[in-house]
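Observations on the three-dimensional arrangement
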Amino acid sequence: MQDDGKALVAYFAYSENVGDTSSMEIDAITSASLNRETSNTEGNLQVMAQVIEEKKAADVFHIQMTEPYPMDYSTMLPISVEQMQNEDWPALQSKIENLEEYDVIYIGVPVWNSVLPPAMNTFFAENDLSGKTIVPFGIHLGSRFGRMIEQMKELAPGATVTDGFTINAETDNDEVKTEFGEWLDALVLNP
Ligand SMILES: Cc1cc2nc3c(=O)[nH]c(=O)nc-3n(C[C@H](O)[C@H](O)[C@H](O)COP(=O)(O)O)c2cc1C
């Protein structure tokens, strides 16, 4: 394995930020169906996080709000839009511990209204990623990264943000695992 320094994967998954997540194990949340049939296309961000964890011996940080969104999609949608419009960034449960230990931060997000989910603004404000290399990865339903890469560069001006990997959220988990694994193997961070 190429030595890129110590890695952390930090990701914001909708499924880990809805309903009462306080007493739930992450695995249970991941497999929880959000009013959809359980399928082999859910949890693709988690699939990619696991690939990074395995291939890069990365630690994992779950970006979770103190107040999760309501489980019901039609109720949560206007809440998130209002947060974006008012720049009312939600509080997070924790900050990254021992941030100074990490050289590379893989950041995973779904694209929301072509930008980062509101909680990511808090994440970047509370975790100073200056001097780090940020590798974005994401899921989408058509917008690819939208404006998220530019936003990460704006929110972490002292970091180096690389090209990222994004995939349609409805792609089969196994296909995501293979495609993302190949992309990660080919990624050169310190040429
Ligand atoms: C509030 C909200 C806004 C979204 N906006 C976009 C968008 O602008 N473009 C897009 O391709 N997908 C958009 N999506 C779809 C998400 O990217 C999609 O929900 C996600 O990739 C699937 O993962 P999930 O099951 O964790 O929601 C949006 C989803 C939500 C909840």
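See the structure above.
In what follows, the accompanying structure is described. (Residues numbered from 1 in each chain as written. Predicted model: local features only at pLDDT ≥ 70, side-chain atom pairs only at ≥ 80, totals over all residues.)

A few points about the site of the ligand
In the neighbourhood of the ligand, 17 residues make up the surrounding shell, with Tyr14, Trp112, His140, Ser143 and Ala169 lying closest. Every element with two or more residues in the shell around the ligand is listed here: α3 (73–86) and β4 (133–140). The residue inventory of the shell around the ligand, partitioned by class, reads nine nonpolar, eight polar and no charged. (Near = placed C-beta within 6 Å. Helix = DSSP H or I, 4+ residues; strand = E, 2+ residues; numbered from the N terminus. Nonpolar A, V, L, I, M, F, W, Y, C, P; charged D, E, K, R; others polar.)

Observations regarding the nonpolar core
Soluble globular proteins tend to pack their nonpolar side chains together in the buried interior. Formed by 45 residues in total, the largest nonpolar core has its most connected members in Val9, Tyr11, Met48, Ile105 and Tyr106. No other element matches the six residues that helix α2 (residues 44–56) contributes to this core. Aside from chain neighbours lying at most four places away, what touches tyrosine 106 is Ala7, Val9, Ile52, Ala58, Val135 and Phe137. (Core = buried A, V, L, I, M, F, W, Y, C linked by C-beta atoms within 7 Å. Buried ≥ 20, exposed ≤ 12 C-beta atoms within 10 Å, placed from the backbone. Contact = placed C-beta atoms within 7 Å.)

Focus: the environment of asparagine 121
Within the secondary structure, asparagine 121 sits in helix α4 (residues 119–126). Looking at asparagine 121, the number of C-beta atoms within 10 Å reads 19, which means it is partly exposed. Separated by 34 residues in sequence, asparagine 121 and glutamate 87 have C-alpha atoms that sit 8.8 Å apart.

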